Amino acid sequence: MKSTRGLFISVEGVDGAGKSTQLAWLAEWLTRRGVPLIQTREPGGTPLGEQLRACLLREPMHLETEALLMFAARREHLAQVIVPALARGDWVLCDRFSDATYAYQGGGRGLAPARIQQLEDWVQGQGPGRCEPDLTLLFDVPPEVSNARLASGRMLDRFEREAADFHARVREAYLARAAAAPQRIRVVDASGTPQAIQAHLAGMLPQWLGLP
Ligand code: TYD
């Protein structure tokens, strides 16, 4: 039986940063190195969380309701999926986590970070037992690039339909979090081609993850 705790990796970025393409590549890169991996997402990742996601991406609601539902889905996700997987020794690759709440509900919508912190302390715990990502990859692009990618045709959800200044505030909040936690949150310039970004990641990931 595997005894060591797995690593928890989250992937973040504004809508249109190209996160999905990089997530698929990252999962394959880790699996090729023999890492036992589960892939999941927020909001979502459990049957209840996916129902909450459908509401969150569709229904207009009070800003605090939005933050509370994000953390309700997260509580369930931690209990049902993330904590058991890490305890088994599996690694968890998660499409967004709490940094997204600071960026979208905090930066984008203006909810006080202290409020988000209260929910984070409650749901993720405090002190050494706190459950948070070991590594967060923040795919960063300037607004011209993300707006152009979003404009490329598919159906947009409630967050993606927000105005350009909303996305600019989301990006600023993400970058501020990365500046405050540079060891955990690695900013990846995602304005180049997928191949260029992947070449950069392949060079940096062993060091960021402590892999040979
Ligand atoms: P996203 O992860 O981008 O999925 P897709 O690529 O399939 O559109 O969509 C989730 C949306 O939810 C995204 O716009 C950001 C938003 N979100 C928050 O506002 N707060 C959060 O805490 C999380 C996890 C996501």
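Residues numbered from 1 in each chain as written. Predicted model: local features only at pLDDT ≥ 70, side-chain atom pairs only at ≥ 80, totals over all residues. Heavy atoms only, no water.

The protein is annotated in an unreviewed UniProt entry as Thymidylate kinase from Chitiniphilus purpureus. Here the protein is described in UniProt, under the heading Sequence similarities (unreviewed entry), as follows: "Belongs to the thymidylate kinase family." Check the Function (unreviewed entry) section of the UniProt entry for the protein; it says "Phosphorylation of dTMP to form dTDP in both de novo and salvage pathways of dTTP synthesis." (UniProt positions renumbered as here; feature names shortened; annotations may be inferred.)

(A) Main features of the site of the ligand. In the vicinity of the ligand, 17 residues are found, and the nearest of them are Asp15, Arg53, Arg96, Thr101 and Gln105. Between an oxygen atom of the ligand and a side-chain N or O atom of Glu160, the distance comes to 3.2 Å. Look at the ligand: alone it shows 550 Å² of surface, and the protein chains cover 90% of it. Under a 2 Å grid-point criterion requiring more than half of the atoms, the pocket assigned to the ligand is the largest pocket. Counting only elements with at least two residues in the shell around the ligand, the list comes to helix H2 (47–58), helix H3 (63–88) and helix H4 (98–108). Of the residues contributing to the shell around the ligand, the split by class is 6 nonpolar, 2 polar and 9 charged. (Near = heavy atom within 4 Å. Polar contact = N/O pair within 3.5 Å; in protein donor to acceptor, adjacent residues only side chain to side chain. Areas by Shrake-Rupley, 256 points an atom, 1.4 Å probe, with all protein chains shown as cover. 1 Å grid on protein atoms, 1.4 Å probe; cavity = no way out; pocket = protein on both sides within 12 Å on 5 of 7 lines; lining within 4 Å. Sits in = over half its atoms within 2 Å of the grid points. Helix = DSSP H or I, 4+ residues; strand = E, 2+ residues; numbered from the N terminus. Nonpolar A, V, L, I, M, F, W, Y, C, P; charged D, E, K, R; others polar.)

(B) Region of the structure containing the packing of helix H1 (residues 19–32) against helix H8 (residues 194–209). Direction vectors running N to C along H1 and H8 enclose 45 degrees, while the axes themselves pass 11 Å from each other. Taken as axis vectors, H1 and H8 run oblique relative to one another. Considering only the axes of H1 and H8, their crossing is right-handed. Contacts from Thr21, Gln22, Trp25, Leu26, Trp29 and Leu30 of H1 reach H8 at Pro194, Ile197, Gln198, Leu201, Ala202, Leu205, Pro206 and Leu209. Counted by class, the contact of H1 with H8 contains 11 nonpolar, 3 polar and no charged residues. (Axes fitted to C-alpha atoms, helices over the stretch in contact; angles between N-to-C directions. Parallel < 35°, antiparallel > 145°, perpendicular 65-115°, else oblique. Left-handed = near helix turned anticlockwise from the far one by under 90°. Contact = heavy atoms within 4.5 Å.)

(C) Region of the structure containing the packing of aromatic side chains. If you walk through the whole model with that rule in mind, you get 5 aromatic pairs. Pairing Tyr104 with Tyr174 gives two aromatic rings, centres 6.3 Å apart and planes at 85 degrees, and the pair type is edge-to-face. On the criterion of sequence distance, the pair formed by Tyr104 in helix H4 and Tyr174 in helix H7 (residues 164–180) is long-range, its members being 70 residues apart. There is no split in this pair, since Tyr104 and Tyr174 are both buried. Members of the aromatic cluster, joined through ring pairs, are Tyr104, Phe159, Phe166 and Tyr174. The ring of Phe97 carries Arg74 above its face, with NZ or CZ at 5.1 Å from the centroid. A cation over a ring is seen here: Arg177 above Tyr102, with NZ or CZ 3.7 Å from the ring centre. (Phe/Tyr/Trp six-rings, centres within 6.5 Å; stacked < 30°, edge-to-face > 60°. Buried < 20%, exposed > 50% of the residue type's maximum accessible area, 1.4 Å probe, protein only. Lys NZ or Arg CZ within 6 Å of the ring centre and 35° of its normal.)

(D) View of the pairing of strand S4 (residues 135–140). Across the 6 residues of S4, 6 count as buried, placing the element largely inside the fold. Going residue by residue along S4, you find Leu135, Leu137 and Phe139 tucked away on one face and Thr136, Leu138 and Asp140 tucked away on the opposite face as well. Two elements, strand S1 (residues 8–13) and S4, share 5 bridges in a ladder whose sense is parallel. Bridging across to S4, Ile9 finds its partner in Leu135. Two strands pair when backbone bridges link them, and S4 and strand S5 (residues 185–189) are joined in this way by 5 bridges, in the parallel orientation. Paired with Thr136 across the bridge in S5 is Ile185. (Pairing = 2+ DSSP bridges.)

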